[in-house]
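Secondary and tertiary structure notes
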Amino acid sequence: MNKDFEKDYIDSADSSAPDMDMLWDKISSSESADTDITPFVSAVKECERSRSAPKSNAFRTFAAAAAVFAAAIFAVSALSDNMDIAKSETAFPAADSYYNENDIDAAMEECEAAEDDLVYAAMGWDFSDDLNAEENQSYLSLNLAYTESSVYTAMSRNTDEEEFFVEDSVLSETDFFLDGEIIDAEPSSDGGVKYTVRVIHAVSDEDRTFSDTETVYSYSPYALRNGREYLLPVSEDNGRYTVIFDNAPQIEFTLDRQLVCHNGWKTLSENGVYIEYPQTYPDDFFYDRMNLAAESSLEKLFDKWESLRA
């Protein structure tokens, strides 16, 4: 088998677009008696390394697994064409030189586990159309996840430059959205809050992958509460994720997939209904500007964001 295959294949995977036609052409064009799968062994090891690396390249992980699978098929095919089944065990070199069947299965499982640890960005998901349109609803009466977290972070609102929420401006500054559950919050060294977010969905107009948990920074008096799910507009600066426009409550999901959002989100509030919301602190600007909206209204929001990014 061509000794340059390993390098060609890994280079292709690194470009995030593996050329699978090239892979199968090389396999099919090899001599049938050639059972050397050494290049694939290195691909397996590459897969194992990618599992432990932060934000591993998903294409590379998949490609390594595919290489192992292809090697197994090729080796079995070569043996079937050239020797009796009774003699097939002697066709392979020493056991420590190549991966046996159990090794291949284990490597495939390892790569599948690595895939499970990643969330792939898309432009949306299956949205619910449900909306409880009753009047005089209270935030506290909604179907919300249990939390012991306060609604207030004890940080002051930034009044150095009085900001007004403008949806287009916020969307223009947003690099991507993370929909996730807050699983931990702690003070950051620069005076903000460092949130650990279990990522449920990621929305991006670019190819991105995220770990199943990500760290996001906020400097808002409005707390993201442990156990609750939020949609966060995020900016990225040298790998650091920060919530856009902190001086407002973030979009929150109820357990029955409705959205709690302030009326500055014009796209979400078009068909929303007003709800009573607790006043977070004395000068709170948003407590009487909160709405309940259907999750499906996010589709329009993402479409608008994508158009602003174009």
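Residues numbered from 1 in each chain as written. Predicted model: local features only at pLDDT ≥ 70, side-chain atom pairs only at ≥ 80, totals over all residues. Heavy atoms only, no water.

Let's talk about the overall build of the protein chain
Our working rule: Runs of H or I in DSSP of at least four residues are treated as helices and runs of E of at least two as strands, each being numbered from the N terminus. Any pair of residues with heavy atoms lying within 4.5 Å of one another is described as a contacting pair. Surface accessibility in these figures is a Shrake-Rupley result with a 1.4 Å probe; residues are shielded only by whichever protein chains are displayed.
A count of helices and strands for the protein chain gives eight helices and twelve strands. Expressed as a percentage of contacts within the protein chain between residues at least 6 apart in sequence, the contacts between residues at least 24 apart total 74%. Of the roughly 16,100 Å² of accessible surface on the protein chain, 46% is carried by carbon and sulfur atoms.

Some points on the nonpolar core
Stated precisely, the cut-off is as follows: We call a set of buried residues a nonpolar core when its members are Ala, Val, Leu, Ile, Met, Phe, Trp, Tyr or Cys and they connect through side-chain atoms within 4.5 Å of each other. The rule is simple: take the accessible area with a 1.4 Å probe, protein chains only, and divide by the maximum for that residue type; under 20% is buried, over 50% is exposed, in between is partly exposed.
Ranked by size, the top nonpolar core spans 34 residues in total, and within it Leu231, Trp265, Leu298, Leu301 and Phe302 carry the most contacts. Among the secondary structure elements, those contributing two or more residues to this core are helix 6 (167–173), strand 9 (251–253), strand 10 (258–262), strand 11 (273–276), strand 12 (290–294) and helix 8 (298–309). Those residues in contact with tryptophan 265 that sit more than four places away from it in its chain are Phe165, Glu167, Val170, Leu171, Pro233, Ile251 and Leu301. Core analysis: the second largest hydrophobic core is formed by 20 residues, Met155, Ala223, Leu232 and Val243 among them.

As for the packing of aromatic side chains
Test applied: In this analysis, rings of Phe, Tyr and Trp, with Trp reduced to its six-membered ring, are considered paired at centre separations within 6.5 Å, and the interplanar angle assigns stacked below 30 degrees, edge-to-face beyond 60, and tilted for intermediate values.
In this structure the tally under the stated criterion is 16 aromatic pairs. Both rings, one in tyrosine 152 and one in tyrosine 281, keep their centres 5.6 Å apart while their planes meet at 25°; by these two values the pair is stacked. Taken together, the positions of tyrosine 152 in the loop between strand 2 (137–138) and helix 6 and tyrosine 281 in the loop between strand 11 and strand 12 put the pair 129 residues apart, joining distant regions of the chain. Ring plane angle 65° and centroid distance 6.1 Å describe the contact between phenylalanine 210 and tyrosine 241, whose orientation is recorded as edge-to-face. In this pair, phenylalanine 210 sits in strand 5 (residues 209–211) while tyrosine 241 sits in strand 8 (residues 240–243), placing the two residues 31 residues apart along the sequence.

As for the confidence of the model for the protein chain
Applied cut-off: The predictor attaches a confidence to each residue, called pLDDT, with possible values from 0 through 100.
Confidence in the prediction of the protein chain, expressed as mean pLDDT, is 78, and 61% of residues score 70 or more. Ignoring residues within four places in sequence, the model shows residues 50–64, a span with pLDDT below 50, making 37 contacts including any to other chains. For residues 82–97, every residue scores under 50 in pLDDT, and the model assigns this stretch ten contacts once sequence neighbours within four places are set aside.

Points about empty space enclosed by the protein
Heads up, the condition is: For cavity detection a 1 Å grid was placed over the protein atoms alone, and a set of points counts as a cavity when a 1.4 Å probe fits there but cannot get out; an open set counts as a pocket when protein lies on both sides within 12 Å along at least five of seven lines, with lining residues being those that have an atom within 4 Å of a point. Grid points are joined across faces, edges and corners, and a volume is the space filled by probe spheres set on the points. Ten residue types, Ala, Val, Leu, Ile, Met, Phe, Trp, Tyr, Cys and Pro, are classed as nonpolar, four, Asp, Glu, Lys and Arg, as charged, and the remainder, Gly among them, as polar.
One pass over the full model with this rule turns up five cavities of 30 Å³ or more. Empty space within the largest cavity amounts to approximately 100 Å³. Contributing to the lining of the largest cavity are Tyr139, Val151, Tyr222, Ala223, Leu224, Arg225, Tyr230, Pro249, Gln250, Glu252, Tyr277 and Thr280. When grouped by side-chain class, the residues that make up the lining of the largest cavity number eight nonpolar, two polar and two charged.

Some remarks on the layout of surface pockets
The calculated volume of the second largest pocket comes to roughly 270 Å³. What lines the second largest pocket is a set of 15 residues, and nearest its centre among them are Glu163, Glu173, Ile244, Phe245 and Asp246. Put simply, the parts of the chain that give the lining of the second largest pocket at least two residues each are helix 6 and strand 8. Top contributing element to the lining of the second largest pocket by residue count: helix 6, with three residues.

Here's the deal with the side chain of arginine 228
Counted only if it meets this: Residues adjacent in sequence count toward polar contacts only when both atoms are side-chain atoms; beyond that, a polar contact is any pair of N or O atoms within 3.5 Å, and within protein one must be able to donate a hydrogen and the other to accept it.
Locating arginine 228 in the fold gives a position in the loop between strand 6 (213–218) and strand 7 (229–237). Within polar-contact distance, the side chain of arginine 228 engages the side chain of tyrosine 139 at 3.0 Å. Among the polar contacts made by the side chain of arginine 228, one reaches the side chain of glutamate 252 at a distance of 3.1 Å. Look past the residues within four positions of arginine 228 in its chain and what remains in contact with it is Tyr139, Leu144, Ala145, Thr147, Gly180, Glu181, Ile182 and Glu252.

Observations concerning the pattern of salt bridges
Put simply, the rule reads: The salt bridge criterion pairs a side-chain nitrogen of Lys or Arg with a carboxyl oxygen of Asp or Glu, the two atoms within 4 Å.
In total, this model carries 15 salt bridges according to the counting rule given. The salt bridge partner of arginine 257 is glutamate 229, with a shortest N-O separation of 2.8 Å. With arginine 257 in the loop between strand 9 and strand 10 and glutamate 229 in strand 7, the pair connects residues that are 28 residues apart, well separated along the chain. Since its relative accessible area comes to 22%, arginine 257 is described here as partly exposed. Using a relative accessible area of 12% as the deciding quantity, one classes glutamate 229 as buried. Taken together, the shared-partner salt bridges connect Asp175, Asp205, Glu206, Arg208, Glu236 and Arg309 into one network.

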